[in-house]
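Commentary on secondary and tertiary structure
Chain by chain, the residues:
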Amino acid sequence: MERSVASVETASRNVDRWSGLVRYVMAAGLARTADGGAVVAIVLLVTTQGGSGSLAGLLGACITAPHLLGPFVARRIDLADDGRKVIAFACVLYSITLAAAVSSYGQAPAVLTGLLLSVSGCCGPLLTGGISSRLPAIAGRDQHSQRRAQGWDVATYGIGGTIGPSVVAAVSSLASPGLAALCLAMAAFYAAWLVMRLPYSAPEHGGDVQSVPSAWSSIALMAKDGPLRRTLYMTMLVAFSMAALPITAVHMTSLMGIPAASAAAMTAAYGIGNLTGSMGVMLRPLRGSPDSLMSGWALCVMGGLLAVMVSPTLFTAIATYWVVGIINAYFFAATLAARTEYAPTKGRGQVFLWVAAMKITAGAAGTAAAGAMTGWDVRIPLMVGIGLIGSAVALSFVERCKERS
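All values derive from a computational prediction rather than experimental measurement.

Attention shifts here to the packing of helix α11 (residues 244–256) against helix α14 (residues 314–342). At a minimum axis distance of 11 Å, the contact between α11 and α14 shows a crossing angle of 170 degrees. Compared by their axis directions, α11 and α14 come out roughly antiparallel. The chirality of how α11 crosses α14 is right-handed. From α11, Leu245, Thr248, Ala249, Met252 and Met256 reach across to α14, where they touch Leu314, Ala317, Tyr321 and Val324. For the contact of α11 with α14, a count of residues per class yields eight nonpolar, one polar and no charged.

Here we take up the nonpolar core. Of all hydrophobic cores here, the largest spans 93 residues; its most connected members are Tyr94, Leu98, Leu245 and Tyr321. Counting residues per element, this core draws most heavily on α14, at 13 residues. Every residue in contact with Tyr321, bar those within four places of it in the chain, is listed here: Leu245, Thr248, Ala249, Met252, Met266, Thr267, Ala269, Tyr270 and Val308. Of all hydrophobic cores here, the second largest spans 10 residues; its members include Ala343, Trp354, Val355 and Ala357.

Our next topic: the environment of Gly129. Here Gly129 shows up in helix α5 (residues 110–132). Here Gly129 falls in the buried class, since its relative accessible area comes to 0%.

Position of Arg229 among the secondary structure elements: in helix α10 (residues 226–242). The class for Arg229 is partly exposed, based on a relative accessible area of 25%. Expressed as a C-alpha distance, the spacing of Arg229 and Ser396, which sit 167 residues apart in the sequence, is 9.4 Å. When residues no more than four places from it in sequence are discounted, the contact partners of Arg229 are Met222, Ala223, Lys224, Glu399 and Glu403. At 3.3 Å, the side chain of Arg229 and the side chain of Glu399 are in polar contact.

Another point: the packing of aromatic side chains. To describe a pair of aromatic rings, you give the distance between the ring centres and the angle between the ring planes. Here the structure, examined in full by the defined rule, presents three aromatic pairs. For the ring pair Tyr157 and Phe332, a centre distance of 4.9 Å and an interplane angle of 75 degrees mean the geometry is edge-to-face. Of the two residues, Tyr157 sits in helix α7 (residues 143–174) while Phe332 sits in helix α14, which places them 175 residues apart along the sequence. Given a relative accessible area of 7%, Phe332 falls into the buried group.

Per-residue pLDDT for the protein chain averages 82, and the proportion of residues at 70 or more is 91%. Put simply, helix α3 (residues 70–79) is where the protein chain has its lowest mean pLDDT, 73, and helix α13 (residues 290–309) is where it has its highest, 93.

The end-to-end C-alpha separation of helix α8 (residues 177–195) is 27 Å, in line with the 27 Å expected for 19 residues at 1.5 Å each. Among the residues making up α8, those that are buried are Pro177, Gly178, Ala180, Ala181, Leu184, Ala185, Ala187, Ala188, Ala191, Ala192, Leu194 and Val195.

The rules behind each value
- Residues numbered from 1 in each chain as written.
- Predicted model: local features only at pLDDT ≥ 70, side-chain atom pairs only at ≥ 80, totals over all residues.
- Heavy atoms only, no water.
- Axes fitted to C-alpha atoms, helices over the stretch in contact; angles between N-to-C directions.
- Helix = DSSP H or I, 4+ residues; strand = E, 2+ residues; numbered from the N terminus.
- Parallel < 35°, antiparallel > 145°, perpendicular 65-115°, else oblique.
- Left-handed = near helix turned anticlockwise from the far one by under 90°.
- Contact = heavy atoms within 4.5 Å.
- Nonpolar A, V, L, I, M, F, W, Y, C, P; charged D, E, K, R; others polar.
- Core = buried A, V, L, I, M, F, W, Y, C linked by side-chain atoms within 4.5 Å.
- Buried < 20%, exposed > 50% of the residue type's maximum accessible area, 1.4 Å probe, protein only.
- Polar contact = N/O pair within 3.5 Å; in protein donor to acceptor, adjacent residues only side chain to side chain.
- Phe/Tyr/Trp six-rings, centres within 6.5 Å; stacked < 30°, edge-to-face > 60°.
- pLDDT = per-residue confidence, 0-100.
- Expected span 1.5 Å × (residues − 1).

Right, here's the structure in full:
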């Protein structure tokens, strides 16, 4: 009798866990779709209404640059009695300010549009890393379940980065970029509703809010703590290097003597590879130390970039982009595991957002650097990326050896 009761309770917990995970995937997918497509929608909105390229870039920066401020907002998650409310509020505020910014463009000074977009940008990190900080409480305490759930999390990032711009492109062609941006705003608003339906988890501070580290204390901890420091710099350098792939794809078409539109097939293959890799993590979760896993998969990223660099034909280029997408999904899953297992419980939200903010910043810097370097040679950005990742792997190996000794 006791066994049957225990089995019923276990089954009930499993059902609750899966229903919570489904809601999480829906909420994260919608929020990251809104965040991933907003820049494209703003740029299209400005250019289709006759605005200059510099204005489009400036307004696009207004919604991306404030991501750096995310970690200073993240402390609210760790301080709150219910972190879901902080994230849901951010989703609603993102939705309202994005819709207001789109409606104000052309009807009010561009400064007002930029300010509204900056508010949206400050909320952006809570839609990405902030939601990820809820996952450990949903997935369960055992490592196997958490790492399987991290595969779903990787998938939502891939979906957001792929579906968001695709939705903007489709709605813009059928109607207008303004309507596309409003669709993204609605997605963020619905994400808020779903976030509040995630399972509740008690705050880690246990009522002692003074024990929650400040934003600067969190970054100081990440600088001092070996595994967290390696998580930060390896995430940044891989993001910097991978940001060159879309630009490299465009320039590779001219080297191969094929239409420039073929670059879209390469970038699509990368996105499909990312989703394929996340499915692999779901089916067979990563095993071992996240610290070592990051180094191992970073070496694989180096090999993938080298394969892209030497691809002689369109078919091999598409294949290598697909493989690199798979590898990046596994590397990303390793960094999520590192954040989950190495972050202090009372500052987990801040660690998640610090890494997410630095990753976005590094990716933006990588895109700009790749655009400049391809003017000399299309292979230079990939060579630089391989060198940077190799240096990070070597440094991480040296650090671990010192820590062991």
